[in-house]
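These are the residues of each chain, in order.
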Amino acid sequence: MEIDVFSVSKSSEPWRKAAAAIHVLTGDDILRSGVTSLPDALRLIPGVTVAQINAHTWAVTARGFNSTLADKLEVLMDGRSLYTPLFSGVYWQKHNVPLTDIERIEVIRGPGAALWGANAVNGVINIVTKSANDTIGHSLTATMANTGDSTTSVRGGYALENGAVRGYVRTDKVDDYRERTGVVADDSYRSSRAGFRADFNIVGESTLALWGETYRDRVDRVGGRDEEQANDFLMARYALAEQGRERYEISAFIEKSEYDIPGLFTEQRETFETEARGYFYPGERHVLVVGGGYQVTRDDIDSPNLNSLGFVPAEATDETLDIYIQDTYDLIAERLKLTAGVKAERNDYSGLEVQPSLRMAWTPDSDTTWWAAVSRAVRIPTRLDEDFVIYAPAPAPAGIAIIRGSDEFDAEELVAWEFGYRKSFSVRSNIDIAVFYNEYDKLRGVDSASFPALISNEGEGHSSGVEVVYNWQPHEQLLAQAAYSYNHIDFEAERGSTDTSIANANRNDPRHQGLLRVSWAISPTWNLDVRYRNVSHLPDLAIDGYDAIDASLQWQASPDLSLGLTGRNLFDGQHAEFAADNRIVEIPRSIQFQATWNF
């Protein structure tokens, strides 16, 4: 209950007092589970929806709107946004950094736009990697599964006079899965990455952190048009603290990426982003956070197949400028806390967007917290909304548009009401409950009243739900967690709209999700981690509900060598979790061996 979180207010505060539905997954949790990818790690977080589509593609969301183009979830790593400006979604296979380097993952279920900006509509995932000071030494981690999948990562950490630096290399290989019909899915995947992080103590409590990475992958596609992605970035962050309290922070990163499907689509993109914020303490009960940011992204998209898709114009430069302020005030010291914030963000598509939030946390005693919040968030338009074109397929003449974007497209809007309760019953058990009601407006749809049909704001609706997490630790060596989430979604086209797609996407998200996890430290050298997941059916995609049991047995064979055996989908030969591109691919059972050697 006392673990500190950052993502709710961009300043450190105890989790039990945070006025948001937030969950923290520690690096130790990830290592005990035996997972090898970020999306698999996110399955361990209650209330997050993770669906594997094929060998390399994932659909990840919180509180609805899941798809391969999910665009209402802000995902960050060390403060750097991971979504592509092309459609505000995440290519998840691109971000499988060595999991041993992750310190924690903080997940907010619900809007966080007042601090994190547009697209933090249904949630925020904040991945925090370890300081280089905590990874001094060398390690080699390798995994191999009976399905032919494998990963290898090597890390070297070095102490410096005033800090530390680490470098890493990771490769991944995933072989073809099979479709529900039994045919090979042609979806195998190969990737490699190399990167570094350096942390320096400058003067007093000021620090400088540097990151960099280069990434390449190749993904099989049906028809032989294998896709390739490349991504390179550099990032720096300077932070100043005084007497243990944050004072100022400035960060910047530059990124260059390329996405290529030969004969269909090629995207080249360059992005620069910077943010600065200051922390002010006008009184004993006030914490004021003031900041602003700027992003510019330039792309060049070549779409040679005029019987498929394209972007018009082919080149674009988009700028976003924002400022935000948030005041946290203890109305009653240690008992009643009020947090009010707002972000004003200007973009090249919908202009100025104002996203306010009001949160309150009441802590009547050291074991109990009640909280409530009301927020507004938006998903700003992208090139997929305004510049995208779908052409008539062959044998139609090339270049006949049947669906195209519109510069009249407005930002999708959310107003959310949330309520929560946390209670520690003893030092060995606690419960965390969140209830929410969301009102959506101006949802993306297709206006087919004209030719070509236009992408436009056609939908509205609401969602509501409850999320419950119960933690029980009957013994120092045994921890059990039970979680359940319910999410009811009801969207429809606005009155007078000709759209038919919105109502057909009401059940792309499971209404019920359950998670039961038991982690048992059998001895100082043996640990057993078992997870049971229940996911209800997706009627609009014709995907059945499923039960899955995963288990990992870890053995610390020596101070420098650890071995692990992980089983995935142990009691199910294969099952489908999602559908895309008119295909349903089955996720197979697998047994994986893992070894980590520190040297």
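Everything below is about the structure printed above this text.
Model, not experiment: these values are computed from the prediction.

**Q** How would you explain the overall build of the protein if you had to name every residue and give the values?
**A** Within the protein, the secondary structure is distributed over four helices and 37 strands. The C-alpha atoms of the protein give a radius of gyration of 24 Å, which matches the 25 Å a tight globule of 599 residues would have. Over its C-alpha atoms, taken along the principal directions, the protein stretches across nearly 70 × 55 × 45 Å. Within the protein, buried positions represent 55% of all 599 residues. For the protein, the proportion of contacts with a sequence separation of at least 24, taken over those separated by at least 6, is 60%. Only carbon and sulfur atoms are counted for the fraction: they give 57% of the accessible area of the protein, which is about 24,600 Å². Side-chain charges of the protein comprise 56 positive and 88 negative groups, with the mean position of each set lying 4 Å from the other.

**Q** I'd like to hear about the side chain of serine 552, residue by residue, with values.
**A** Topologically, serine 552 is positioned in strand β33 (residues 546–558). Among the residues examined, serine 552 registers a relative accessible area of 0% and is labelled buried. There is a polar contact of 3.1 Å between the side chain of serine 552 and the side chain of threonine 566. Here serine 552 is in contact with Arg32, Ser33, Gly34, Asn527, Leu528, Asp529, Arg531, Leu565 and Thr566, once residues within four sequence places are set aside.

**Q** How would you explain the packing of aromatic side chains if you had to name every residue and give the values?
**A** One pass over the full model with this rule turns up 15 aromatic pairs. With centroids separated by 6.2 Å and ring planes inclined at 40°, the aromatic side chains of tryptophan 417 and tyrosine 437 adopt a geometry described as tilted. On the criterion of sequence distance, the pair formed by tryptophan 417 in strand β27 (residues 412–426) and tyrosine 437 in strand β28 (residues 429–447) is long-range, its members being 20 residues apart. With relative accessibility at 42%, the residue tryptophan 417 sits in the partly exposed group.

**Q** Now, about a nonpolar patch on the surface: what can you tell me, with residues and values included?
**A** Nonpolar side chains collect at one region of the surface, where Leu516, Val518, Trp520, Ile522, Trp526, Tyr532, Leu553, Trp555, Leu565, Ile591 and Phe593 lie side by side and expose about 920 Å² of accessible area between them. Breaking the nonpolar patch down by element, the ones donating at least two residues are β31 (512–520), β32 (526–535), β33 and β37 (590–598). In terms of residue count, the dominant contributor to the nonpolar patch is β31 (three residues). Position of valine 518 relative to the elements: it lies in strand β31.

**Q** Hey, could you go over the environment of glutamine 355 for me, with residue numbers and the actual values?
**A** Following the sequence through the fold, glutamine 355 ends up in strand β23 (residues 351–365). Between the C-alpha atoms of glutamine 355 and aspartate 447, which are 92 residues apart in sequence, the distance is 28 Å. Aside from chain neighbours lying at most four places away, what touches glutamine 355 is Ala113, Ala114, Gly117, Ala118, Gly341, Val342, Lys343, Glu345, Arg376, Ala377 and Val378. Looking at glutamine 355, its side chain comes within polar contact range of the main-chain nitrogen of valine 378, at 3.0 Å.

**Q** Let's hear about the nonpolar core: which residues, and what values?
**A** Across soluble globular proteins, nonpolar side chains have a tendency to be buried as a group. In terms of nonpolar packing, the biggest core is built from 28 residues, with Leu42, Val60, Ile105, Ile125 and Ile127 touching the most fellow members. Put simply, the parts of the chain that give this core at least two residues each are α2 (38–42), β4 (48–52), β5 (58–62), β6 (73–77), β8 (102–109) and β9 (123–129). Look past the residues within four positions of isoleucine 125 in its chain and what remains in contact with it is Leu42, Val60, Leu73, Glu74, Val75, Leu76, Trp92, Ile105, Glu106 and Val107. Core analysis: the next-biggest nonpolar cluster, separate from the first, contains 18 residues, Ala20, Val24, Ile108 and Ala120 among them.

**Q** If you had to explain the pairing of strand β14 (residues 189–201) to someone new, which residues and values would you point to?
**A** Pairing between strand β12 (residues 163–174) and β14: 12 bridges, direction antiparallel. Residue pairing in the sheet places threonine 171 in a bridge with serine 192 of β14. Here β14 runs beside strand β15 (residues 207–219); their pairing, made up of 13 bridges, is antiparallel. Counterpart to serine 192 in the pairing with β15 is arginine 216. Hairpin connection between β14 and β15: a loop of five residues separates the two successive antiparallel strands, and glycine 204 in this loop has a positive phi of roughly 60°.

**Q** Requested: an account of a negative patch on the surface, with residues and values cited.
**A** A contiguous patch of negative charge, built from Glu439, Glu460, Asp490 and Glu492, is present on the exposed surface. As for its position among the elements, glutamate 460 is in strand β29 (residues 453–475).

**Q** An account of the sheet that holds strand β3 (residues 21–26) is requested, with residue identities and associated values reported.
**A** Strand order in the open sheet formed by five strands is β3-β8-β9-β6-β7, with mixed pairing between adjacent strands. Pairing within the sheet leaves two strands with one partner each, and these edge strands are β3 and β7 (80–81). Strand direction decides the pairing type here: β8 and β9, joined by seven bridges, are antiparallel. Bridging across to β9, isoleucine 108 finds its partner in valine 124.

**Q** Which residues make up unusual backbone geometry, and what values go with them?
**A** A cis amide bond links valine 312 with the next residue in sequence, proline 313, at an omega value of 5°. Relative to the assigned elements, proline 313 resides in the loop between β20 (309–311) and β21 (315–332). With omega at 15°, the peptide bond leading from alanine 394 into proline 395 counts as cis. Of note, asparagine 569 is a non-glycine position whose phi angle comes to about 55°, a positive value. On the secondary structure map, asparagine 569 appears in the loop between β34 (561–568) and β35 (574–576). Taking the relative accessible area as the measure of exposure, asparagine 569 reaches 1% and is therefore buried.

**Q** Any chance you could break down the sheet that holds strand β36 (residues 585–588) for me, citing the residues and the numbers?
**A** Pairing is antiparallel across the open sheet formed by three strands, whose spatial order is β13-β36-β35. Across the chains shown, the open sheet's two edge strands, defined by having one partner strand only, are β13 (178–179) and β35. Bridging between β35 and β36 involves three bridges; their strand directions are antiparallel. Along β36, the bridge assignment pairs glutamine 574 with proline 588.

**Q** Kindly report on the environment of aspartate 348, identifying the contributing residues and their values.
**A** Mapped onto the elements of the fold, aspartate 348 is located in the loop between β22 (336–347) and β23. Residue aspartate 348 is classed as partly exposed on the basis of its relative accessible area of 37%. In sequence terms aspartate 348 and isoleucine 250 are 98 residues apart; their C-alpha atoms lie 24 Å from each other. There is a polar contact of 2.7 Å between the side chain of aspartate 348 and the backbone nitrogen of glutamate 319. Polar contacts involving the side chain of aspartate 348 include one to the side chain of arginine 346, which spans 3.4 Å.

Definitions and limits used
Residues numbered from 1 in each chain as written. Predicted model: local features only at pLDDT ≥ 70, side-chain atom pairs only at ≥ 80, totals over all residues. Heavy atoms only, no water. Helix = DSSP H or I, 4+ residues; strand = E, 2+ residues; numbered from the N terminus. Rg over C-alpha atoms; globule rule 2.2 N^0.38 Å. Buried < 20%, exposed > 50% of the residue type's maximum accessible area, 1.4 Å probe, protein only. Contact = heavy atoms within 4.5 Å. Areas by Shrake-Rupley, 256 points an atom, 1.4 Å probe, with all protein chains shown as cover. Lys, Arg positive; Asp, Glu negative; His and termini not counted. Charge placed at Lys NZ, Arg CZ, Asp CG, Glu CD. Polar contact = N/O pair within 3.5 Å; in protein donor to acceptor, adjacent residues only side chain to side chain. Phe/Tyr/Trp six-rings, centres within 6.5 Å; stacked < 30°, edge-to-face > 60°. Patch = residues over 30% accessible without salt bridge, like charges linked within 9 Å, V, L, I, M, F, W, Y side chains within 5 Å. Salt bridge = Lys/Arg side-chain N within 4 Å of Asp/Glu carboxyl O. Core = buried A, V, L, I, M, F, W, Y, C linked by side-chain atoms within 4.5 Å. Pairing = 2+ DSSP bridges.

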